[in-house]
Amino acid sequence: MSSVSRRQLLKMFGIGTAGAMSMPLISRAQTSGSFINPLQIPPLDSGSLIQQEGGLRRRHFDLTLQKGQTRFVLDTDTPTLGINGSYLGPTLRYRRGDILDIQVHNRIGEESVLHWHGLHVPQRFDGGPMQSIADGGSWNPVFDARQPAATLWYHSHAMHKTGPQVYHGLAGMMILDDDVSDSLDLPSRYGIDDIPLILQDRRFNRDGSFDYMSRYGDIMIGQHGDIMVINGTVSPFFEATTDKIRLRILNGSNARLFNLAFNDGREFLQIASDGGLLDKPVPLRRLMVTPGERVELLVDVSDGNPVILRSEPSENHFPVFPGAFSELMRAMHGESFDVMEIRPQSGLERLPPVPGLLATLPAVSADMGIRTRRMRLNMGFGSRSGSGQGPGRGNRTGQGGGYGGGHFSINGRVMTMSHINERVKLGDTEIWEVINDTPMVHPFHIHGSQFRVLDRNGVPPPAQETGYKDTVHLHGRETVRVLVSFTDFADDMHTYMYHCHTLEHEDRGMMGQFLVTENG
Ligand SMILES: [Cu+2]
């Protein structure tokens, strides 16, 4: 793990060596223009492949959740969590049709579990909180890959502990290939022209440890950091050797949204969303990616000029009202900061032109939904926003009153393991109408299926939201309708989750669970 020295860090942030080591705002931290660490690429793990009769391929993966020490920014080590390593995990690569046989061992000293985010898998192998693995225990999900090529990911989904466990490193990327993705001339050499980017923001204590949940705003707006960490690398640069590169971007932050753009305003192409390839490349200059979402971008660097990927201020959807919540949220939307620098090398290899057509996506319309299920996202207000069953009905949790002072829910209910929120009939296609009853952004994630966005506030989605999605963001007071089908897997006992992917909201109850059964 490469790192910058304490002296370099202080210089980067313009902080004198005297006095307290207080960390600056991300906007200050990242405008210094110093990109000093080569981008780390997570190790690729394609499992051990066993060819079986009938051409079946079985891939065995061995994943150990473990404690570690990771050197990010100081001459001190940060206590972290990782999968087969000290921080984050390997990129798991496999093909459609493969049978995945994954041994997950938990050695982190508390319960945990891995959720396969975006994967269409049976409930009991989904890795929700129900599949909790005790410390020292193991879990062996086995499922087949029956969905299109996509950039997916895996992360801790431990009940009430997803936020801290992911923050400390329990996450990794997955790359699923298929015949369609193989047939297209897209950059696909891992780490060379096909680059995984796990974007995370972190805040550090003076002793080098991660600072988690130490401030008032951390619960209500979710844990934000002031230092960007990309694949575990602070201030990274990437040396491009090809005239275009594919970026597989995962927003692996707990709560921070990114409004991605290049510093020279250059156009880029989005070729995939959460669940796979779009029907054709979408030219963009800016793209919002909220926690849990993935996008694949193609960037042309044939001009040979270094270019900086950054996050720009986003359109300020947040209302002005008195108090810290509004000020914090509005300030957050106004931040801009650098993510990494791409440095084209001399003698760039020329890659084939970008295909004009990518995947065939079935047309969708609201007529295809046999019913509408409403999901209202709520945050508690005032001193009675406690841990009860609805706004105003609980007591204070001790986490403070006021806006979002400790109560997060969906349809007025805080998630509990013992309550099944929804029951769905196998094979049904439904409209889920997600209504954001709060003033702040929430990324809404449904387990087990990929969905399609029908409309946002009654308006058909922009091109970049027309593909397969498993996580969709809602700005304050927005309503998004998605069309979701529940195919293949029925189970009377085991549920799938749906929740806000701001992990501090999820951990505090903005989550529910649903059964998919033969009879609904
Ligand atoms: Cu949320």
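Higher on the page you've got the structure.
Just so it is clear, the model here is predicted, and its values are computed rather than measured.

Draft legend 1. Summary view of the overall build of the protein chain. Each helix and strand counted, the protein chain has seven helices and 34 strands in total. When burial is assessed residue by residue, the protein chain has 62% of its 520 residues classed as buried. Long-range pairs, those at least 24 residues apart, make up 76% of the contacts in the protein chain with a sequence separation of at least 6. Carbon and sulfur atoms make up 49% of the accessible area of the protein chain, which amounts to about 18600 Å² in all.

Draft legend 2. Fine view of the sheet that holds strand 30 (residues 451–456). If you walk across this open sheet you meet the five strands as 26-25-28-32-30, and the pairing is mixed. Unpaired on one side and paired on the other, strand 26 (408–410) and strand 30 mark the two borders of the sheet. Across this sheet, the average inter-strand angle for adjacent strands is 20°, counted without regard to direction.

Draft legend 3. Expanded view of the packing of aromatic side chains. Taken as a whole, this structure holds 19 aromatic pairs when the rule is applied. With a centroid separation of 5.5 Å and 85° between ring planes, the pair formed by W432 and Y498 is classed as edge-to-face. Residue W432 is located in strand 28 (residues 429–436), and its partner Y498 is located in strand 33 (residues 496–500); the two are separated by 66 residues in the primary sequence. Across the pair, Y498 and W432 agree in class, each one buried. Ring pairing ties together the aromatic residues F72, Y87, Y167, F204, F210 and Y212, which thus form one cluster.

Draft legend 4. Looking closely at the coordination of the copper ion. Bound to the copper ion on the protein side are H442 (ND1), C500 (SG) and H505 (ND1), at distances that span 2.0 to 2.1 Å. Between consecutive donor residues of the copper ion, the sequence gaps follow H-x57-C-x4-H. Of this pair, H442 sits in strand 29 (residues 442–446) while C500 sits in strand 33, placing them 58 residues apart in sequence. Note on H442: relative accessible area 0%, which makes it buried.

Draft legend 5. Spotlight on the side chain of S311. Of note, S311 is situated in strand 23 (residues 307–311). A polar side-chain atom of S311 sits 3.0 Å from the main-chain amide nitrogen of N259. S311 has contacts with L257, F258, N259, E335, S336, F337 and V339, leaving out every residue within four places of it along the chain.

Draft legend 6. Just the side chain of H447, in detail. Mapped onto the secondary structure, H447 falls in the loop between strand 29 and strand 30. On the accessibility criterion, H447 (0% relative accessible area) is buried. A distance of 3.2 Å separates polar atoms of two side chains, one belonging to H447 and the other to H157.

Draft legend 7. Region of interest: the pairing of strand 28. In terms of burial, strand 28 is largely enclosed, as eight of its eight residues are buried. Neither face of strand 28 is open: one carries T429, I431, E433 and I435, the other E430, W432, V434 and N436, and all of them are buried. Pairing of strand 25 (residues 372–379) with strand 28 involves six bridges; the strand directions are parallel. In the sheet register, R376 faces strand 28, and the bridge partner there is I435. Sheet topology note: the strand 28/strand 32 (residues 479–485) ladder contains seven bridges and is antiparallel. Bridging from a neighbouring strand, V434 pairs with V480 of strand 32.

Draft legend 8. The pattern of salt bridges, seen in detail. Per the stated rule, a full pass over the model turns up 40 salt bridges. We note a salt bridge from R93 to D177, for which the minimum N-O separation is 2.9 Å. Here the residue R93 occupies a position in strand 6 (residues 91–95), and D177 occupies one in strand 12 (residues 171–177), the gap between them amounting to 84 residues. Residue R93 is classed as buried on the basis of its relative accessible area of 12%. A salt bridge links E465 to R456; the shortest N-O distance between them is 2.8 Å. With respect to burial, E465 and R456 carry one shared label: buried. Each of R93, D177, D194, R246, R248 and E296 takes part in a single network of salt bridges with overlapping partners.

Draft legend 9. Molecular detail of the sheet that holds strand 13 (residues 194–202). A sheet is described by the order of its strands in space; here seven strands give the open sequence 15-14-13-17-22-19-20, paired in mixed fashion. Whereas interior strands pair on both sides, the edge strands pair on one side only; in this sheet they are strand 15 (233–234) and strand 20 (276–284). Pairing analysis gives six bridges linking strand 13 to strand 17 (residues 244–251), with the strands arranged parallel. Within strand 17, the position partnered with I195 by the bridge is L247.

Draft legend 10. View of the nonpolar core. Within the largest apolar cluster, 34 residues are counted, with the highest numbers of intra-cluster contacts made by F325, W432, F444, I446, V482, Y498 and F514. Residues from two domains meet in this core; each of domain 2 (186–349) and domain 3 (366–517) gives at least three. If near-sequence neighbours (up to four positions away) are discounted, F514 is found in contact with E422, V424, W432, I446, H447, F486, T495, Y496, M497 and Y498. In this structure, L39, L199, F262 and V295 belong to the second largest nonpolar core, which totals 30 residues.

Cut-offs and rules
- Residues numbered from 1 in each chain as written.
- Predicted model: local features only at pLDDT ≥ 70, side-chain atom pairs only at ≥ 80, totals over all residues.
- Heavy atoms only, no water.
- Helix = DSSP H or I, 4+ residues; strand = E, 2+ residues; numbered from the N terminus.
- Buried < 20%, exposed > 50% of the residue type's maximum accessible area, 1.4 Å probe, protein only.
- Contact = heavy atoms within 4.5 Å.
- Areas by Shrake-Rupley, 256 points an atom, 1.4 Å probe, with all protein chains shown as cover.
- Pairing = 2+ DSSP bridges.
- Axes fitted to C-alpha atoms, helices over the stretch in contact; angles between N-to-C directions.
- Phe/Tyr/Trp six-rings, centres within 6.5 Å; stacked < 30°, edge-to-face > 60°.
- Donors = N, O, S within 2.8 Å, 3.2 Å for Na, K, Ca; no water.
- Polar contact = N/O pair within 3.5 Å; in protein donor to acceptor, adjacent residues only side chain to side chain.
- Salt bridge = Lys/Arg side-chain N within 4 Å of Asp/Glu carboxyl O.
- Core = buried A, V, L, I, M, F, W, Y, C linked by side-chain atoms within 4.5 Å.
- Domains from an automatic or database assignment.

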